[in-house]
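Chain by chain, the residues:
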Amino acid sequence: MGEEPYYGPDFGLLRKQDPELAQVLLDELDRQRGNLQLVASENFTSPAVLAAMGSTLTNKYAEGYPGRRYYGGCEVVDRAERLAVQRARELFGAEHANVQPHSGASANLAAYAALLQPGDTMLAMALPHGGHLTHGSKVNFSGKWFNVVSYGVRRDTELIDYDEVRDLALRHQPKLIVCGATAYPRLIDFTVFRGIADEVGAWLMADVAHTIGLMAGGAIPSAVPHADVVTLTTHKALRGPRGGAILCTEELAKKIDRAVYPFIQGGPLMHVVAAKAVAFAEAMRPEFADYARRVIVNAQALTEALAGDGMRPVSGGTDTHLALIDLRELDVSGAEAETRCAAAGITLNRNVIPYDPEPAAITSGIRVGTPCVTTQGMGPEELKEVGTLVTRAVRQPGSAREIRDRVAALLAIHQPYLSEY
Ligand SMILES: *Cc1c(COP(=O)(O)O)cnc(C)c1O
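The structure presented is a predicted model; accordingly, all values stated were derived computationally and were not measured.

Draft legend 1. Molecular detail of the environment of N35. If you trace the backbone, N35 turns up in the loop between α2 (19–34) and β1 (36–37). Each C-alpha atom of the pair N35 and P66 lies 42 Å from the other, and the pair is 31 residues apart in sequence. Residue contacts for N35: discarding those within four places in its chain leaves G345, I346, T347 and L411.

Here it is in structure tokens:
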């Protein structure tokens, strides 16, 4: 393709009609292309995914499911949802798929609604140890409506304490056990969780919002054969549109479908459902398996480069697309490191580390991930340099301008939305 970046469907028209808003889109594209994107939960979708999202399917009301809608005129959008469902089932090897959840949080709300009653007990990973807000935080519906018991990681290994999970399960007899995390760099052993769930007669839900892309590419073991319900997002490592989905066994299919619609949602976002179908097809290609593998190789190269410069990786390294870095040795908070990196053209987020002495607004750590830079075509050599740049940005705030120049040089070769697609 030429040198023009992809702006989205008929960007010229938007620019003419609403220059003020068009400028926001241009500035955001510049921001995405002009900085090193190390936020572990982000990615660059393909122009094909963007095209589906920018389509007239957004106009259509389609409450219900294909062939069973509560509006007329759904015969065309039905085809989009059927494709998305078929492709999801094939890609993930699932008996049933619901592609309507608007987000990962909505997928989790629906899964809980299908399996639990308010006041029921569930066992999930604590937020300060890497779990998600929707895994029982007090400020979230999950912590308010359910009796949540939390497990965490061991202080010495910083790995999930499976003995603690089993002890808590035996003691509290949860109706649901949730595994999956938002800031855990290591593989999760779904077979151990399955065993514990079976021992206490609990449902097992795997929230693999972060890692489903790596599973789809066959780069890490899949949760699908082990869990009763799998919730996921389509916009993280999977590289699709912003949204969620639920996979489950045939046994739970009706319960899950009713929990999504009509229990928690109304009309599905059919343009996003179509974009999910596009992304699932992209993830079935051999290139995506290669991508998923390279994401991990890159994360390991980045983590090693960081560790070599005194930035301690929590648990000693990573098996996935992300690393959690403990900054306490450098005496720099996560919040300060985030600000210093931003000044150097590097976008990442502060993150609590296990047993963090600092509150969530400050934190002692940062989280880095490689889905974006890998989509941009960077490899382990570049990631080694990125590691050095991050370390310098954190340690020497005075060098921000020099680091920005190096970042710009790297990005000049590896630009998203130019010729790569
Ligand atoms: C990102 C994430 C979610 C929520 O996804 P949203 O689309 O932001 O609602 C849920 N669970 C986990 C483990 C996540 O990492």
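Draft legend 2. Molecular detail of the packing of aromatic side chains. Tallying each qualifying case throughout the model produces ten aromatic pairs. Their ring planes at 90 degrees and their centres at 6.1 Å tell us that F44 and Y417 sit as a pair that is edge-to-face. Residue F44 is located in the loop between β1 and α3 (47–53), and its partner Y417 is located in the segment after α16 (400–413); the two are separated by 373 residues in the primary sequence. Y417 matches F44 in its accessibility class, with the two residues each being buried. Arranged with centres 5.3 Å apart and planes meeting at 45 degrees, the rings of F288 and Y291 form a pair that is tilted. Remark: Y291 and F288 occur in helix α12 (residues 286–308); sequence separation between them is three residues, near one turn of the helix. For F288, a relative accessible area of 3% gives the class buried.

Draft legend 3. Structural detail: the pairing of strand β5 (residues 121–125). Extensive coverage of β5 is indicated by the burial of five of its five residues. The alternating pattern of β5 places T121, L123 and M125 on one face and M122 and A124 on the opposite face, and all of these are buried. As defined by bridge partners, β5 adjoins strand β7 (residues 176–179) across two bridges and the pair is classed as parallel. Counterpart to M122 in the pairing with β7 is L176.

Draft legend 4. Just the site of the ligand, in detail. Around the ligand sit 13 residues, and of these G104, A105, D207, H210 and K236 come closest. Residue G104 places a main-chain N or O atom 2.9 Å away from an oxygen atom belonging to the ligand. Note that a nitrogen atom of the ligand is positioned 2.6 Å from one of the side-chain N or O atoms of D207. Compared with its free state, where it exposes 380 Å², the ligand has 86% of that area covered by protein. Take the shell around the ligand: its biggest share by element is three residues, from helix α5 (residues 104–115). Its residues assigned to classes, the shell around the ligand shows three nonpolar, eight polar and two charged.

Draft legend 5. The environment of K254, seen in detail. Within the secondary structure, K254 is located in helix α10 (residues 253–264). Look at K254 and you get exposed, because its relative accessible area is 61%. Sequence-wise, K254 and A114 are 140 residues apart; in three dimensions their C-alpha atoms are separated by 9.1 Å.

Cut-off values and rules
Residues numbered from 1 in each chain as written. Predicted model: local features only at pLDDT ≥ 70, side-chain atom pairs only at ≥ 80, totals over all residues. Heavy atoms only, no water. Helix = DSSP H or I, 4+ residues; strand = E, 2+ residues; numbered from the N terminus. Contact = heavy atoms within 4.5 Å. Phe/Tyr/Trp six-rings, centres within 6.5 Å; stacked < 30°, edge-to-face > 60°. Buried < 20%, exposed > 50% of the residue type's maximum accessible area, 1.4 Å probe, protein only. Pairing = 2+ DSSP bridges. Near = heavy atom within 4 Å. Polar contact = N/O pair within 3.5 Å; in protein donor to acceptor, adjacent residues only side chain to side chain. Areas by Shrake-Rupley, 256 points an atom, 1.4 Å probe, with all protein chains shown as cover. Nonpolar A, V, L, I, M, F, W, Y, C, P; charged D, E, K, R; others polar.

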